[in-house]
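One letter stands for each residue in the lines below.
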Amino acid sequence: MSTTDRTTERADRGSFSGRSAFIFAAIGSAVGLGNIWRFPAVAYENGGGAFMIPYLVALLTAGIPLLFVDYAIGHRWRASAPLAWRRLRRWSEVFGWWQVLICVIIAAYYAVIIAWAVNYAVLSIGQRWGEDPEGYFFGSFTRSLTGADTHLAFDYTWPILVSIALVWIATTLTMVLGVQNGVARTSMIFIPLLVVMFLFLVVRALFLPGALTGLDALFRPNWSALANPAVWVAAYGQIFFSLSVAFGIMVTYASYLKKRTDLTGSGLVVGFANSSFELLAGIGVFAALGFMAQANGVQVSEVVTSGIGLAFVAFPTIISQAPGGALIGVLFFGSLVLAGFTSLVSIVEVIIAAVQDKFGLSRVASSLLVMVPLGLLSTLLFPTTMGLALLDTLDAFVNTYGIVLVALVSTVALAWLLRALPTLRDHLNHSGTFPVGRVWMLLTSVVAPLVLAVTLLFATRDLLVADEPYGGYPAWWVGVFGWGMAAALIVVAILLSLVPWSHRSHLDRLDSEGHEIAPEARPGHGLDAVAAEGAHTPHELR
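Residues numbered from 1 in each chain as written. Predicted model: local features only at pLDDT ≥ 70, side-chain atom pairs only at ≥ 80, totals over all residues. Heavy atoms only, no water.

Engineer: Quick one: what's the story with the overall build of the protein chain, residue by residue and with numbers?
Structural biologist: Of regular secondary structure, the protein chain possesses 22 helices and 0 strands. A compact globule built from 542 residues should have a C-alpha radius of gyration of about 24 Å, and the protein chain, at 23 Å, falls within 12% of that. Structurally, the protein chain occupies a C-alpha span of about 75 × 50 × 45 Å along its principal axes. When contacts within the protein chain are restricted to residue pairs at least 6 apart in sequence, those whose partners lie at least 24 apart make up 83%. For the protein chain, the accessible area works out to roughly 20200 Å², and carbon and sulfur atoms hold 67% of it. When the 29 positive and 31 negative side-chain charges of the protein chain are each reduced to one mean point, those points stand 11 Å apart. (Helix = DSSP H or I, 4+ residues; strand = E, 2+ residues; numbered from the N terminus. Rg over C-alpha atoms; globule rule 2.2 N^0.38 Å. Contact = heavy atoms within 4.5 Å. Areas by Shrake-Rupley, 256 points an atom, 1.4 Å probe, with all protein chains shown as cover. Lys, Arg positive; Asp, Glu negative; His and termini not counted. Charge placed at Lys NZ, Arg CZ, Asp CG, Glu CD.)

Engineer: Which residues make up the side chain of Thr-171, and what are the values?
Structural biologist: Note on placement: Thr-171 falls in helix α9 (residues 158–176). The residues contacting Thr-171, other than those within four sequence positions of it, are Phe-341, Leu-344, Val-348 and Met-371.

Engineer: Outline the pattern of salt bridges, listing residues and values.
Structural biologist: Scanning the model with the defined rule gives 8 salt bridges in all. The shortest N-O distance in the salt bridge between Glu-93 and Lys-358 comes to 3.1 Å. Here the residue Glu-93 occupies a position in helix α7 (residues 93–126), and Lys-358 occupies one in helix α16 (residues 325–359), the gap between them amounting to 265 residues. Through salt bridges with shared partners, a single ionic network connects Arg-86, Glu-93 and Lys-358. (Salt bridge = Lys/Arg side-chain N within 4 Å of Asp/Glu carboxyl O.)

Engineer: Hey, could you go over a nonpolar patch on the surface for me, with residue numbers and the actual values?
Structural biologist: A contiguous nonpolar patch, built from Leu-152, Phe-154, Leu-377, Leu-380, Trp-476 and Val-480 and spanning about 560 Å² of accessible area, is present on the exposed surface. For the nonpolar patch, the secondary-structure elements that each account for two or more residues are α17 (363–381) and α21 (475–498). Within the secondary structure, Val-480 is located in helix α21. Given the relative accessible area of 44%, Val-480 is considered partly exposed. (Patch = residues over 30% accessible without salt bridge, like charges linked within 9 Å, V, L, I, M, F, W, Y side chains within 5 Å. Buried < 20%, exposed > 50% of the residue type's maximum accessible area, 1.4 Å probe, protein only.)

Engineer: So what about the packing of helix α11 (residues 211–219) against helix α14 (residues 263–296)? Which residues, and what values?
Structural biologist: Running from amino to carboxyl end, α11 crosses α14 at an angle of 125°, the nearest separation of the two axes being 6 Å. The pairing of α11 with α14 is recorded here as oblique in orientation. In terms of crossing hand, the pair formed by α11 and α14 is right-handed. Residues Ala-211, Gly-214, Leu-215, Leu-218 and Phe-219 of α11 form the contact with α14, whose participating residues are Leu-279, Gly-282, Ile-283, Phe-286, Ala-287, Gly-290 and Phe-291. Residues belonging to the contact of α11 with α14 are distributed by class as follows: 9 nonpolar, 3 polar and no charged. (Axes fitted to C-alpha atoms, helices over the stretch in contact; angles between N-to-C directions. Parallel < 35°, antiparallel > 145°, perpendicular 65-115°, else oblique. Left-handed = near helix turned anticlockwise from the far one by under 90°. Nonpolar A, V, L, I, M, F, W, Y, C, P; charged D, E, K, R; others polar.)

Engineer: I'd love a proper account of the side chain of Gln-238, names of residues and values included.
Structural biologist: Structurally, Gln-238 is set in helix α12 (residues 229–242). Classification of Gln-238 by relative accessible area gives buried; the value is 2%. Within polar-contact distance, the side chain of Gln-238 engages the side chain of Glu-278 at 2.6 Å. (Polar contact = N/O pair within 3.5 Å; in protein donor to acceptor, adjacent residues only side chain to side chain.)

Engineer: Before we move on, could you go through unusual backbone geometry and cite the residues and values that matter?
Structural biologist: Of note, Arg-143 is a non-glycine position whose phi angle comes to about 50°, a positive value. With respect to the element layout, Arg-143 can be found in the loop between α8 (133–141) and α9. The class of Arg-143 is partly exposed, set by a relative accessible area of 34%. For Ser-244, which is not glycine, the phi dihedral falls at a positive 65°. Tracing the backbone shows Ser-244 in the loop between α12 and α13 (249–254). A relative accessible area of 4% means that Ser-244 is categorised as buried.

Engineer: Tell me about the packing of aromatic side chains, and name the residues and values.
Structural biologist: Enumeration according to the criterion identifies 38 aromatic pairs in this entry. Between Tyr-470 and Tyr-473, the aromatic rings sit 6.3 Å apart at their centres with planes inclined by 50°, giving tilted as the arrangement. Connected via pairs of aromatic rings, a cluster forms that spans Trp-116, Tyr-120, Trp-129, Tyr-136, Phe-137, Phe-138, Phe-141, Phe-312, Phe-315, Phe-332 and Phe-333. (Phe/Tyr/Trp six-rings, centres within 6.5 Å; stacked < 30°, edge-to-face > 60°.)

Engineer: Describe helix α19 (residues 421–431), and please don't skip the residues or the numbers.
Structural biologist: Along α19, the positions that sit buried rather than exposed are Leu-421, Leu-424, His-427 and Leu-428. Seen end-on, α19 carries its buried residues on one side only, within an arc spanning 125°. Residues of α19 that are buried make contact with α5 (52–77), α14, α18 (387–417) and α20 (438–464). (Arc of directions from axis to C-beta.)

Engineer: Provide a residue-level description of the nonpolar core, including the pertinent values.
Structural biologist: One finds Phe-16, Trp-116, Leu-289, Phe-312, Phe-382 and Leu-414 to be the most contacted residues of the largest nonpolar core, which totals 187 residues. Among the elements that make up this core, the one with the highest residue count is α7 (24 residues). Contact partners of Phe-382, with chain neighbours within four places excluded, come to Ala-108, Tyr-109, Val-112, Ile-164, Gly-387, Leu-390, Leu-391 and Leu-394. (Core = buried A, V, L, I, M, F, W, Y, C linked by side-chain atoms within 4.5 Å.)

Engineer: Which residues make up the confidence of the model for the protein chain, and what values do they have?
Structural biologist: Residue-level pLDDT values for the protein chain average 91, and 91% of them are 70 or greater. Taken together, the stretch residues 1–11 has pLDDT below 50 and engages in 12 contacts with residues farther than four places along the chain or on a different chain. (pLDDT = per-residue confidence, 0-100.)

Engineer: Which residues make up helix α15 (residues 307–321), and what values go with them?
Structural biologist: Counted at 1.5 Å a residue, the expected span for α15 with its 15 residues is 21 Å, and the 21 Å between its end C-alpha atoms agrees. By the criterion of burial, α15 is predominantly enclosed, with 12 of the 15 residues buried. Buried within α15 we find Gly-307, Ile-308, Leu-310, Ala-311, Phe-312, Val-313, Ala-314, Phe-315, Pro-316, Thr-317, Ile-318 and Ile-319. Tucked inside the fold, the buried residues of α15 contact α3 (33–37), α7, α8, α14, α16 and α18. (Expected span 1.5 Å × (residues − 1).)

Below, the structure written as structure tokens:
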């Protein structure tokens, strides 16, 4: 195959200019909203300073090993999640589509959180949420339906509608620019800016009265918590959700790397950079919560919250009470926008890459084919009075019965049915500066599946033994948007894996070693040429 042909085919999908671009993009994906609004509360509620022990154990025994798995699959077979899994073994393509559909759900609701943060960055300047931030957010701002009153409603909140439309326009423009000029460059600009902004926020928070009380509450170790299995499950859960494993994101990103790339060294950089930012977020958040507790004459435990409550209720309260609150607000909500946007870019890239590979479309065509309907769907559903309840339900079930379940099933299949770990180990060691061997294979094949299974059992138990449906929502609501959505992901993934590949697709462009096959030596295209494909594909890939 000529050099020109190879260059043209790489240009079809795009590629990172180098390892640094990949690392910035991977960190941009991993560092998201959960780092800022989930990790601090999880650490506090699960042993404080003692939580760092199970957290580090989880990072080293499951997070980074599974990150290596995603890197190896994507880089060896240089394709989107569905195609990479299909090249590994034809029937495993369904895992890739399952991951793609998870990204569809997450992207749809992730955009509205960024839209909220955009609004609140502006509202911070005049603290326009008034004396009751909680009432403002759930009332005047989102006008949210809650609990048993939740129903299908398309009553729009116009500031959120305009903001989410702008988020989708910006994301679409980024994706159309391609892998290097859009995905990588966005992270290479936004991640350093995010770190600088958050460092300013942390420094400002540390000088607030009561900051040290907040930090003492966060880091004071409760050693007895280490004997509680739920604490260890929480640590592994935080690592799984934070590192973007099993989303298809790292499979897709690794497929854009050059052949001789240090995958294991890159994985260590990404893993520890992500955890470092989480620790930084914990310091900033609890310094601010310590001030809030002192200002209101209560204990820190009474003001600790996470997620939406932390971002859009607790922090507005802090901003209203703190000297220089407008600056804190702009820094905090600006950080949410930057962290959320780089993560949203990585999520939709999984979908675009899959469509591009499956149908052999150009980058622009595949980007528009994905972004326009996805953006319209998101804009139709989430700036409504039912938007918050819909987000809450989808997020709870897609995390548990999407991400955790697909990670469990695919890891077990990879280790025990496909027997692919030796092949992936050799690929990682080919150019990796951190060698992996039996320990990595043991962690991936035994430890990670066990932890994922326990996590899934704990979550299922909590849902089934509850006195009422999740969130107090109507049973039909949870059945449709919770259990129904989770089941639909699997069914649709199976159906998509049965759809024939386009003759223009990248299906048969690689041999068993991940090398490009000359056009004249390729088999017929798509699933219509199964026999021919088999002639060129060794047993381990069929």
